[in-house]
Each structure stands twice: as structure tokens, then as C-alpha cells.
Amino acid sequence: MTTIWFKKSGWLYFPISFIGVIMYLLAIVFCITVFIAVDRNSHSVSDTFYGIFPYCVSAFTILFWIAGNTSKEK
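Anyway, here's the lowdown on the structure attached to this text. Since this is a predicted model, take the numbers as computed values, not measurements.

Turning our attention to the packing of aromatic side chains. Enumeration over the complete set of coordinates arrives at five aromatic pairs. With a centroid separation of 5.5 Å and 45 degrees between ring planes, the pair formed by Phe 49 and Phe 53 is classed as tilted. Of this pair, Phe 49 and Phe 53 both sit in helix 2 (residues 45-69), four residues apart, which is roughly one turn of that helix. A relative accessible area of 46% means that Phe 49 is categorised as partly exposed. By the ring-pair criterion, three or more aromatic residues cluster together here, those being Tyr 13, Phe 60 and Phe 64.

Structure follows, in C-alpha cells:
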């Protein structure tokens, strides 16, 4: 049984199923939550960027890894 949740187009993966859309939304909501929590205690833009960078990059790395394993080529 093959599970296809995403479609690859160039370097990006687009959700083609409900589960794919939910995964993208969860990653975005997670990054927004991290941004709000980090920005509350930051004193500059660079503080905020350095605070959110590891979380957002990790979240989207995991998302793209899952998308790569559950995708259909063009």
C-alpha cells in the first residue's frame, strides 16, 4: 500500500491530501507559537531571528522529510 500525501514540484512539496494539509498547518502553527514565545523576551529583530531559527528549520526539515517519503513525482 502506497500512501501519497504530497506532490513534488521542483524543490517544493504541495499537499494533495487532507493529511498533507494538516501537516503543513501544524508546522505553521508551531512556528507562529514559537515566534510569539521568543519575541516576548527579545530585544531586537536579531534576537527574535536567532531564537526562532532552530525551531522553524527543524520543523520544516521534518515536514519535508515526511513529504519526500510520501510524495509522488511530477
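A separate point is helix 2. Because each turn of an α-helix spans 3.6 residues, side chains separated by three or four positions in sequence point in the same direction. In this model, helix 2 (25 residues) spans 35 Å end to end at C-alpha, consistent with the 36 Å of a helix rising 1.5 Å per residue. Maximum bend of helix 2: about 35 degrees, positioned at Phe 53, with proline Pro 54 one to four residues after it. For helix 2, the complete set of buried residues consists of Thr 48, Gly 51, Ile 52, Cys 56, Ala 59, Leu 63 and Ala 67. Tucked into the core, helix 2 has its buried residues touching strand 1 (6-9), strand 2 (12-15), helix 1 (18-40) and strand 3 (71-72).

Reading the values: the criteria
- Residues numbered from 1 in each chain as written.
- Predicted model: local features only at pLDDT ≥ 70, side-chain atom pairs only at ≥ 80, totals over all residues.
- Heavy atoms only, no water.
- Phe/Tyr/Trp six-rings, centres within 6.5 Å; stacked < 30°, edge-to-face > 60°.
- Helix = DSSP H or I, 4+ residues; strand = E, 2+ residues; numbered from the N terminus.
- Buried < 20%, exposed > 50% of the residue type's maximum accessible area, 1.4 Å probe, protein only.
- Expected span 1.5 Å × (residues − 1).
- Bend = angle between axes of the 7 residues up to and from the residue.
- Contact = heavy atoms within 4.5 Å.

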